[in-house]
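These are the residues of each chain, in order.
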Amino acid sequence: MSVQRHTEGESNTSPAGQQWRAREPDDPGRGLLQRDADAFLHQSLSTPCLSTIARAEGIWIEDLAGRRYMDFHGNSVHHIGYGHPRLIAAIKAQLDTLSFAPRRFTNEVSVELAEKLGSIAPGALSRVLFTTGGSDANEVALRLARAATGRFKTISFWDAFHGAGFGASSVGGEATFRSHVAGPLLPGAEHVAPFNCYHCAYGHPGPEACALACARMVEFALEREGDVAAVIAEPMRAVPVVPPAGYWQAVQAACHRHGALLIMDEIPTGLGKTGRFFAFEHDGITPDIVTLGKALGGGVLPIAAVLARDDLNVVGDFAIGHYTHEKNPVTARAALTTMQIIEEEGLVERAEHLGVHALDRLREALRDCPIVGDIRGRGLMFGVEIVSDREARKAAPELAERIFYACLDQGLSFKISAGNVLTLSPPLTIDVADLDRALGIVENTIRALACELESGAG
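Here the structure is a predicted model, which means the values were calculated and not measured. (Residues numbered from 1 in each chain as written. Predicted model: local features only at pLDDT ≥ 70, side-chain atom pairs only at ≥ 80, totals over all residues. Heavy atoms only, no water.)

Draft legend 1. Looking closely at helix α3 (residues 85–97). Here α3 contains 13 residues, and its C-alpha end-to-end distance of 19 Å stays within 8% of the 18 Å for a straight helix at 1.5 Å per residue. Within α3, the full set of buried residues consists of Leu-87, Ala-90, Ile-91 and Gln-94. Projection of α3 onto a plane perpendicular to its axis shows the buried side chains occupying an angular sector of 100°, all on one side. Counted as exposed and oriented over 90 degrees from the buried face of α3: Pro-85, Lys-92 and Asp-96. Packed against the buried residues of α3 are α4 (108–120) and α11 (329–344). (Helix = DSSP H or I, 4+ residues; strand = E, 2+ residues; numbered from the N terminus. Expected span 1.5 Å × (residues − 1). Buried < 20%, exposed > 50% of the residue type's maximum accessible area, 1.4 Å probe, protein only. Arc of directions from axis to C-beta. Contact = heavy atoms within 4.5 Å.)

Structure, rendered in structure tokens:
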């Protein structure tokens, strides 16, 4: 079997990671890391782990050695920060009131959550189903699309991530989740190249020159297949990559022409992260089905949701998401309280404002840096692409990893996406001073490495 190249995140097994752990020989977490490695099935991006965690509060995580890190990753669950006091109190109160609801019995808080989601969502997105995770939510969405259209094929995008289940892996485009041991996958899962103006698969420098070739390829596939149930995609790719203007309007129009539904996977981008409650709102569309997850549980409990148009309520005689915890009152309380916090604390608007500030600052500070290729994002999901050749736009994963560990040493944790993109996604509650401190760490680390490389070349 060939060596797998992982682009979804860090595998925690690289030489740089091993060197980072070795710098702390007396780390009290070393024993726990070994116990973890001995107890869990190993899988990339998860086990073995990089470090330990003992506490999490607000934007901060702390390991067993007492080292504190601003968490600009959080697996996209910490929109309201870790351990929000109001959320913790609501969960505790719910545990004392009603801790579980067997199937066939409804409960007030689950219905209230469904109604709340339906009232916030635009258009006719008023029907809801809850699952225990985002991967399951996407599988429910795919089943619903099959039932509503009488078709089974899908179109999705290379490099996309929609979860680790067989259906979610089939429509995903990450080799880590769909290659080797994952196959064979679902039939009919067709893929096209994703939008990415910085690395256009069609060889064009931007939407002005390409006339949205990436969107036209979606229609080409819809037309050639002729019987596609749905197009499923992330409205803004969480690597992050922002769609070109008009992209989703063109794709949605193509879906309408060819009888396919449009499913938006908002699991990492929804609930205000991009400066809109739903990321697709930036693009002037309303999809047929939406999935939410991750931050919906407030960074405490696992819950995800499927939102669909009222006229897609067509599977009453079948089971498409028959989950034991489908209407769990505790997870529903966590989600409802999280949404109330986001709404009442104005966190969507805050994400938009702070995102503009962050992108403007990074672009100004790093505009002439030779190892920075692109700076992009929306709201509080933004990234810095690290390259070895700006002209050729050549990715430099080894440089990105050096920057990551240097930032970790300074108390900042984030994710490397697509192999070479420093992906920064702080909580929506972050103080401006903490945001600026983190941005300063990133800027100074990148510039220091660029200077080191320049002096070494000279």
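Draft legend 2. Molecular detail of the pattern of salt bridges. The full count for this structure, using the stated rule, is 23 salt bridges. A salt bridge links Arg-309 to Asp-288, with the shortest nitrogen-to-oxygen separation between them at 2.2 Å. Pair noted here: Arg-309 is in strand β10 (residues 304–309) and Asp-288 is in the loop between β8 (261–265) and β9 (289–292), with a separation of 21 residues, a long-range link. Across the salt bridge formed by Arg-376 and Glu-385, the nearest N and O atoms sit 2.8 Å from each other. A relative accessible area of 9% places Arg-376 in the buried class. Residue classification places Glu-385 among the buried positions, given a relative accessible area of 2%. (Salt bridge = Lys/Arg side-chain N within 4 Å of Asp/Glu carboxyl O.)

Draft legend 3. Structural view of the packing of aromatic side chains. On inspection of all chains with the given rule, the structure shows ten aromatic pairs. Ring centres of Phe-195 and Tyr-247 lie 5.0 Å apart, and the angle between their planes is 65°; on these two criteria the pair is classed as edge-to-face. Of the two residues, Phe-195 sits in the loop between β6 (189–192) and α8 (207–210) while Tyr-247 sits in helix α10 (residues 247–258), which places them 52 residues apart along the sequence. Given a relative accessible area of 2%, Phe-195 falls into the buried group. Between Phe-404 and Tyr-405, the aromatic rings sit 4.8 Å apart at their centres with planes inclined by 75°, giving edge-to-face as the arrangement. This pair shows no difference in class: Phe-404 is buried, exactly as Tyr-405 is. Through successive ring pairs, a cluster of aromatic residues spans Trp-20, Phe-404, Tyr-405 and Phe-414. Directly above the ring of Trp-60 sits Arg-68, whose terminal nitrogen or CZ lies 4.3 Å from the centroid. (Phe/Tyr/Trp six-rings, centres within 6.5 Å; stacked < 30°, edge-to-face > 60°. Lys NZ or Arg CZ within 6 Å of the ring centre and 35° of its normal.)

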